[in-house]
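# Summary of the model geometry
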Amino acid sequence: MSGWIGFNTAVSGLLASQRKLYVTNHNIANANTEGYSRQVTTQSATVPHRLPGVGFVGTGTSITSVERVRDSYLDYKYRTENATLGEWEIKRNTLVDIENILKETENEGLSKYVDGFFKSLEDLSKNPSDDSYRVAVREKAIALTNHLNETVTKLYNLEKDLNYQINAQIKKVNDIGSQICNLNEQIYKLELDGKKANDLRDQRDLLVNELSKIVNVQVSEQDGKYTVSIGGASLVEHTNLSKLKVPPRTVTSEITGENLVQVEWENGNKVALKTGELKGLLDVRDGSGINGEYGGVPYYVERLNDFANIFANEINKIHSQGYTAKGTNGINFFYQPVDQNGNEVNITAATIKLDPQILESLDNIAAGESPNNAEDNKNILALLELRESKKFFSQSIHAQGTPEDYIVSIISTLGVDSQYAVRMQKNQELILNNIETRIDSVSSVDVDEEMADMVKFMKTYTASAKMINTLDEMLDITVNRLGLAGR
């Protein structure tokens, strides 16, 4: 009996070493697999056997489980910081896009066109009767209005792009949620016997990590049932999926008139987004910059509209008081739009343009303050005084001062926001890199370490095999050779 115990003990050592080598082999094979967590075996001694008059004799060893090496706290930290990184990446990239659209440099930008317009007026003031200078005024004014039109159109297109991205992210959240549900079902069925489906769990964690950059997620597991929540509401509850609404409900943008998609659950409840790429996209698409809101595309559109409206009104106010070369007055320099009822409406960056009478004839540029005086330049001088007037934008709620001051305030705000977004992104990248380093130190596969384990397990495997050979020889002697002496 004891011989068979020894034989079984050696076999258990052989099988345990073999199982450990399989796990080591699996680790090495997946050393470069994204999201893979190093696996280790849990080994314990089997129940000893009691021999009368001898006591307890060991019966060998067994592999009780194969576990992933994973730290749940680090997973939680990664997902929390990953969402914040996703938000600030979106904001930083969008602000870079806005900077490229405004292009406020020494050689281009709104200030250059404003400067060109006033310089043409200055030249005209010296030669009010010369049509060549009137042409320059008209062309510089057209260049200014075209720049405002094109700039705000690019901002409108940026809003459309952000709207498209939000719609795509909503679909992506639902898709990832569906994949997690499928994995939940597989994992639950495979783990009914108490063993862990480690590779499937890795795939699920990888999906949750991907989701965590889009929205702020929380995960929990109880009795083998896995839940993923967004802002306290369940997206995935074991095998049940609560989708975000697709196609999403839309509302009309007050600034561009576009249909903007909303982020809601299928039951119509609002999604409580605290951070993540989706939150960042909503902030930069909808942020008005008023009452603590983030200053996104609507904020910069509104600033350009405010500039265009006040600039055109102030120029019109002075210009309409002057007299044209034909001796008439009351002509606006910039076109004043009206609604269906004939009421004047605000001029915007998208609608600002020269008055048709200015486009029709250069004579309609009102240079003087008195009729029938071709050399009168007093009205042009009054227009030039506006450039240095600190009260030019006194009606604005955004900024005061001259046109250049107003433009500087827009660019300064953009610069501050952009620098802050860059700083936040870099800080989050450092935090996340630190967490990833800690995760790698715990869960990643070290090939050198696995090679050392392979040598160790191979030696125990060889030793167990040798023990089996030794026991076999002992049994052979006992059974076949004892009692042969003297024959």
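Before reading on, note that the structure itself is shown above.
We now turn to the structure provided with this report. Just so it is clear, the model here is predicted, and its values are computed rather than measured.

## A word on the sheet that holds strand β7 (residues 233–237)
Whether parallel or antiparallel, the strands of a sheet pair through hydrogen bonds between backbone atoms. Sheet architecture is open: four strands sit in the order β5-β6-β7-β8, paired in antiparallel fashion. With partners counted over all chains shown, the strands left at the sheet margins are β5 (217–222) and β8 (240–241), one partner each. Across four bridges, the pairing between strand β6 (residues 225–230) and β7 is antiparallel. Across the sheet, V228 pairs through a bridge with V236, a residue of β7. Sheet strands in contact with helix α5 (residues 198–214) are β5, β6 and β7, and its direction is about 155 degrees off that of β5.

## Regarding helix α3 (residues 110–126)
Helix length check: α3 (17 residues) gives 25 Å between terminal C-alpha atoms against 24 Å at 1.5 Å per residue, within 8%. Within the span of α3, buried status applies to L110, V114, G116, F117, F118, S120, L121, L124 and S125. Turning to α3, the residues buried within the fold contact α4 (131–190), α7 (297–319), α9 (378–387) and α10 (403–443).

## Details of unusual backbone geometry
Of note, the amide linkage connecting V246 to P247 takes the cis form, showing an omega dihedral of -5 degrees. Within the element layout of this structure, P247 appears in the loop between β8 and β9 (250–252). In the Ramachandran plot, D223 falls in the positive-phi region, its phi being about 55 degrees despite a non-glycine side chain. Note on placement: D223 falls in the loop between β5 and β6.

## Looking at the nonpolar core
Of all hydrophobic cores here, the largest spans 89 residues; its most connected members are F117 and F311. Top element by residues in this core is α4. It accounts for 17 residues. With residues near it in sequence (within four places) discarded, F117 still touches V137, K140, A141, L144, F311, I315 and F333. By size, the runner-up hydrophobic cluster in this structure holds six residues, among which are L74, Y78, L85 and L432.

## Details of the side chain of T61
Positionally, T61 belongs in strand β4 (residues 61–68). At a separation of 2.9 Å, a polar atom in the side chain of T61 contacts the side chain of Q43.

Basis of the calculations
- Counting starts from 1 at the beginning of each chain's written sequence and moves along it residue by residue.
- Under the rules for a predicted model, residues below a pLDDT of 70 receive no local features and side-chain atom pairs below 80 are neither given nor counted, while totals for whole chains, interfaces and linings still include all residues.
- Side-chain measures were taken over the full set of non-hydrogen atoms in the model, leaving aside hydrogen atoms and water.
- The pairing criterion for strands is at least two bridges between them, as found by DSSP.
- Helix and strand definitions follow DSSP, with helices as H or I runs of at least four residues and strands as E runs of at least two, each counted in order from the N terminus.
- We call two residues contacting when some pair of their heavy atoms lies within 4.5 Å.
- Orientation is described by axes fitted as lines to C-alpha atoms, over the contacting stretch for helices, and by angles from 0 to 180 degrees between their N-to-C directions.
- In this analysis, the expected span of each helix is defined as 1.5 Å times one less than the number of residues it contains.
- Only protein chains enter the area calculation, which uses a 1.4 Å probe; residues under 20% of their type maximum are buried, those over 50% are exposed, and those in between are partly exposed.
- What is meant by a nonpolar core is a set of buried Ala, Val, Leu, Ile, Met, Phe, Trp, Tyr and Cys residues, joined one to another through side-chain atoms within 4.5 Å.
- Polar contacts, as used here, are pairs of N or O atoms within 3.5 Å; protein pairs need one atom able to donate a hydrogen and one able to accept it. Residues neighboring in sequence count only if both atoms are side-chain atoms.

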